[in-house]
Amino acid sequence: MQRLLFLLLFIFVAFSAMAQKQKVVKAKLTESSVVKDTSGTVIPAALWQQMARNSNFAIYPKDPQQEDTEFIIRRLTAKEKMVMLERMPRPSETKAFRTGKKFSPFAEKDLAGNLHKIKELAGKVVVINFWFINCPPCRMEIPELNEMVAQYADNKDVVFLAIALDDKWELEQFLKMMPFHYNVIPNGRNIARNYNVSSFPTHVVVDRDGLVKFHTAGLARNTVHWIQKTVEEALAQAPKESVVASH
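The written sequence of each chain sets the order in which its residues are numbered from 1. Since the coordinates come from a predicted model, pLDDT governs what is reported: local features require at least 70, and pairs of side-chain atoms require 80 or more to be given and counted, while whole-chain, interface and lining totals use all residues. To get the side-chain values, take all heavy atoms of the structure and skip hydrogens and water.

1. What about the overall build of the chain?
Turning to step 1, where the next piece is worked out: Helix and strand counts for the chain stand at 8 helices and 10 strands.
Turning to step 2, where the next piece is worked out: Any residue under 20% of the maximum accessible area for its type is buried, any over 50% is exposed, and the rest in between are partly exposed; the area is computed with a 1.4 Å probe on protein chains only. Looking at the 247 residues of the chain, the share that counts as buried comes to 47%.
Turning to step 3, where the next piece is worked out: It only takes one pair of heavy atoms within 4.5 Å for two residues to be counted as in contact. Within the chain, counting contacts between residues at least 6 apart in sequence, those at least 24 apart form 68% of the total.
Turning to step 4, where the next piece is worked out: When the accessible surface of the chain is summed, it comes to about 13,400 Å², and 53% of that surface belongs to carbon and sulfur atoms. Segments assigned H or I by DSSP are reported as helices when at least four residues long, segments assigned E as strands when at least two residues long, and all are numbered from the N terminus. Residue-level accessible areas treat just the shown protein chains as cover; the underlying method is Shrake-Rupley with a 1.4 Å probe.

Okay, here's the thing in structure tokens:
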């Protein structure tokens, strides 16, 4: 929780600094702070903390000069969101993968019975998410991940795979309440173990040549931004002739 509040503090301080560069910000965001939306409605702490993890929102003090001031949460414009995300540091890499190295293949069926063979996805960009149902940050990022999937709905060169540790029945029950638009692969504990994945969620982007182009673990405010940024870079890069020939 301290880490979450620290990140939130960083977000609103950075936002306030853009408009008030010459003033010292005294406001402090805590669990007991009063947070309202732009219409003046008080937002419950559990809700605003969840919203604050989504890169579409920003929290800033109503009066930066007052320590006990109220805070405002609002949706960022597309331009504001991009500026904020680009200013944040790149998410840290995992110890399970190495950028530029070949991604070891696997072949597994998703909940719908479709078989996904990494070797047969050569020439495509593959986005992989390791997760499990009782992982709070895994659940929190699902809506934003779904938004990203929707943007590539008509692009057959991008494949989204979610390797879940849970069994099929548990996932089917969970997905009735919270849909996840990746191709969800159940019983993925052995897969995660084979890749030495022990932190969740873990994200990996594999380029057209089957090389790891991006990987990170945990929930950062700009994780999805970097996944999508990497996907765009990978799509713009033509695969090697050998990959094209074998695909």
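More follows now that the structure is in view.
2. Some remarks on the packing of aromatic side chains
Any two aromatic rings considered together are summarised by their centre-to-centre distance and by the angle between their planes.
Turning to step 1, where the next piece is worked out: Between rings of Phe, Tyr and Trp, where Trp is taken as its six-membered ring, a pair exists when centres lie within 6.5 Å; planes separated by under 30 degrees are stacked, by over 60 edge-to-face, and by other angles tilted. Scanning the entire structure with this criterion turns up 14 aromatic pairs.
Turning to step 2, where the next piece is worked out: Measuring from centroid to centroid gives 6.3 Å for Phe97 and Phe130, while their planes differ by 35 degrees, and the two rings are tilted. One end of the pair, Phe97, is in the loop between helix H3 (78-87) and strand E4 (107-109); the other, Phe130, is in strand E6 (residues 125-131), with 33 residues separating them in the sequence. This pair shows no difference in class: Phe97 is buried, exactly as Phe130 is.

3. Considering helix H5 (residues 168-177)
Turning to step 1, where the next piece is worked out: Taken together, the buried positions of H5 are occupied by Leu171, Phe174 and Leu175. Viewed along the axis of H5, the buried residues span an arc of 100 degrees, placing them on a single side of the element. In H5, those exposed residues whose orientation departs by more than 90 degrees from the buried face are Trp169, Lys176 and Met177.
Turning to step 2, where the next piece is worked out: Each element contacted by the buried residues of H5 is listed here: E6, helix H4 (136-151), strand E7 (158-164) and strand E8 (183-185). Arc definition: it is the arc formed by the directions from the helix axis to the C-beta atoms.

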